Amino acid sequence: MGEFLLVTIQVDMHDQMALKLQDDLSNAIIKNASRGVLIDISTLEMVDSFIGRMVADISSIGKILGAETILVGMQPAVAITLVELGLSLPGVATALNVERGMVLLRRKIDADGTDVSER
Amino acid sequence: MADATMSNVLKKSGKEIHASWTRDLAGNQSAGKGRISATELDQQTAEFIKLLTAASEHATAGDISSAEFKPMRDFLDGVSRSRVAQGFSSDETASFIFSLKKPFFAALRTDAGKDADVLADQVWRATELLDALGLHTVKAYQKSREEVINRQQREMLELSSPVVKLWEGIIALPMIGTLDSARTQVVMENLLQKVVETGAQIAILDITGVPTVDTLVAQHLLKTVTALRLMGAECIISGVRPQIAQTIVHLGVDLQGVTTKANLADALALALKRTGSSLKQ
């Protein structure tokens, strides 16, 4: 999607898949020179501590590769679980849905003073 | 068989026992007057004696868990439930059964005549049976009471956490009363669900009605704030009273990263400013 990458996690992630996703995503950011990444987890209904960490890791990796990463569409149950697990994902930007995430991403990139055209 | 005697006595002098029992009850329950009508009491006693007669014909006395006593148990459950609803205490409910002893024993005495052995035997069996029934009544009473308490608790949980929409994209949750783990859980779930439904960007947690904030409550609040952040909504805590602010500082609770305001109006102003600035772009 232009300079943005949209990752949608649609099935319940298992550990191996999460690692592969991490790998694929970092390669894709480099290949497409993406400026922003949206990770849509609205269909994810169950998380464990490993997946929680993985999501946090993916966000950090995106940031290091120079792309703003935003986690969107977290379900209430997932949010509660993560909090109870003590994973507050500090430093990870979040948004309610993809649309909001897109607006936020655009704003963040604009704030960086880059030459992305105004909407 | 001794049980046959008991049911015979009940059959023969059931009327007298009933009359005397009702009289005793009416005399004793002066405090309970007005809560239960004489006709209702009369009906209940008549029903009880009928059931007792029927049951004692077949069953071994003292064992009220047998199938013959099923209608009796159901009847007592019903009586206990209505007693709870009418506001009787547990001893008043139990004495409903125990007060039968006096007229019943009197009838047994008339029946046994001068034979002391038979009388003692009869009285013992009758006592055993009535005690078991009385205990069953108390148990049923307790159960009904617990049901009432549980229901009220559930209703209170629902009542005490309304989520209000203040503005487009701004919701508020005025919290009233002490926060414990169970309540925070319900509040958190409600709030997060509402955020999904309304698509709100900012949620204001108003703690004006929370009497005390200790470390546990503060932790609950922080959890809620974090969960909201994970979902992509901002959270403002409002209604922090001076004492509470002092307590929080003295306890060393770290509220860094959480926006707090003294009252709801300030919080709303801030929320409007935040959504306003984002709407302009």
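Attention here is on the structure that accompanies the text. (Residues numbered from 1 in each chain as written. Chains lettered and ligands numbered in written order. Predicted model: local features only at pLDDT ≥ 70, side-chain atom pairs only at ≥ 80, totals over all residues. Heavy atoms only, no water.)

A few words on the nonpolar core. A:Met74 and B:Met175 are the most contacted members of the largest nonpolar core, which totals 60 residues. The element best represented in this core is helix α8 (residues 215-230) of chain B, accounting for 7 residues. Each residue touching B:Met175, except ones within four places of it in the same chain, is listed here: B:Val187, B:Leu205, B:Asp206, B:Ile207, B:Gly209, B:Val210 and B:Leu221. (Core = buried A, V, L, I, M, F, W, Y, C linked by side-chain atoms within 4.5 Å. Buried < 20%, exposed > 50% of the residue type's maximum accessible area, 1.4 Å probe, protein only. Helix = DSSP H or I, 4+ residues; strand = E, 2+ residues; numbered from the N terminus. Contact = heavy atoms within 4.5 Å.)

Another point: helix α4 (residues 98-111) of chain A. Residue and element names in this part refer to chain A. Here α4 is 14 residues long and its end C-alpha atoms lie 20 Å apart, about the 20 Å a rise of 1.5 Å per residue gives. Looking only at α4, the buried set comprises Gly101, Met102, Leu104, Leu105, Arg106 and Ile109. Its buried side turned inward, α4 meets β1 (4-8), β2 (36-40), β3 (68-72) and β4 (93-95). (Expected span 1.5 Å × (residues − 1).)

A word on the sheet that holds strand β4 (residues 234-238) of chain B. Residues and elements named next belong to chain B. Taken in spatial order, the 5 strands of this open sheet run β1-β2-β3-β4-β5, and their pairing is mixed. Of all strands in the sheet, those bounded by a partner on one side alone are β1 (164-167) and β5 (259-260). In this structure, β4 lies alongside β5, joined through 2 bridges in parallel fashion. Pairing of Ile237 across the sheet is with Thr260, part of β5. Strand contacts of helix α7 (residues 181-198): β2 (170-176) and β3 (202-209), with the helix running at about 165 degrees to β2, the strand carrying the most contacts. (Pairing = 2+ DSSP bridges. Axes fitted to C-alpha atoms, helices over the stretch in contact; angles between N-to-C directions.)

Our next topic: a nonpolar patch on the surface. All names here are of chain B. A surface patch of nonpolar side chains, amounting to about 320 Å² of accessible area, comprises Val164, Leu166, Trp167 and Leu264. Counting residues per element, the nonpolar patch draws most heavily on β1, which supplies 3 residues. Within the element layout of this structure, Val164 appears in strand β1. (Patch = residues over 30% accessible without salt bridge, like charges linked within 9 Å, V, L, I, M, F, W, Y side chains within 5 Å. Areas by Shrake-Rupley, 256 points an atom, 1.4 Å probe, with all protein chains shown as cover. Salt bridge = Lys/Arg side-chain N within 4 Å of Asp/Glu carboxyl O.)

A separate point is the packing of α7(B) against α8(B). Think of two packed helices as two axes; the pair is described by the angle between the axes and how far apart they sit. Residues and elements named next belong to chain B. Interhelical geometry of α7 versus α8 gives an angle of 20 degrees and a closest axis separation of 10 Å. Taken as axis vectors, α7 and α8 run roughly parallel relative to one another. Seen along the crossing, α7 lies across α8 with a hand that is right-handed. Residue-level inspection shows Ser181, Thr184, Met188, Leu191, Leu192 and Val195 of α7 in contact with α8, the latter providing His220, Lys223, Thr224, Ala227 and Leu228. Partitioned by chemical class, the residues of the contact of α7 with α8 number 6 nonpolar, 4 polar and 1 charged. (Parallel < 35°, antiparallel > 145°, perpendicular 65-115°, else oblique. Left-handed = near helix turned anticlockwise from the far one by under 90°. Nonpolar A, V, L, I, M, F, W, Y, C, P; charged D, E, K, R; others polar.)

Residue and element names in this part refer to chain A. The parallel open sheet is built from 4 strands, whose spatial order is β1-β2-β3-β4. Each of the sheet's edge strands pairs with one partner strand only, and the pair in question is β1 and β4. In this sheet, neighbouring strand axes are inclined to one another by 25 degrees on average, regardless of whether the strands run parallel or antiparallel. Note: β2 against β3, 5 bridges, orientation parallel. Residue pairing for β3: Val37 is matched across the bridge by Thr69.

Let us now look at the packing of aromatic side chains. All names here are of chain B. Enumeration over the complete set of coordinates arrives at 2 aromatic pairs over all chains. Summarising the aromatic geometry, the rings of Phe48 and Phe96 are spaced 6.3 Å apart at their centres and angled 70 degrees between planes, so their arrangement reads as edge-to-face. Residue Phe48 is located in helix α2 (residues 38-58), and its partner Phe96 is located in helix α4 (residues 90-98); the two are separated by 48 residues in the primary sequence. Among the aromatic residues, those joined into a ring-pair cluster are Phe48, Phe75 and Phe96. (Phe/Tyr/Trp six-rings, centres within 6.5 Å; stacked < 30°, edge-to-face > 60°.)

Turning next to the environment of A:Val92. Within the secondary structure, A:Val92 is located in the loop between α3 (76-84) and β4. Classification of A:Val92 by relative accessible area gives buried; the value is 7%. With 35 residues separating them along the chain, A:Val92 and A:Asp57 place their C-alpha atoms 9.5 Å apart. The residues touching A:Val92, leaving out its near neighbours within four places in the chain, are A:Ala56, A:Ser59, A:Leu71 and B:Arg229.

So, on to the interface of chain A and chain B. By a frequent convention, interface size equals the accessible area lost on bringing the separate parts together. Counting residues at the interface gives 18 residues for chain A, matched by 19 residues for chain B. For the chain A and chain B pair, buried surface summed over both sides reaches about 1600 Å², with 62% attributable to carbon and sulfur atoms. When the buried surface of chain A facing chain B is broken down by residue, A:Ile80, A:Val83 and A:Leu96 rank first, second and third, together holding 33% of it. There are 1 salt bridge connecting chain A and chain B. A:Glu84 is the salt-bridge partner of B:Lys223, the closest N and O atoms lying 3.2 Å from each other. Mapped by element, the contributors of at least two residues to the side of chain A that touches chain B are α3, β4 and α4 of chain A. Class assignment for the residues of the side of chain A that touches chain B results in 12 nonpolar, 3 polar and 3 charged. (Buried area = accessible area lost by both parts, 1.4 Å probe.)

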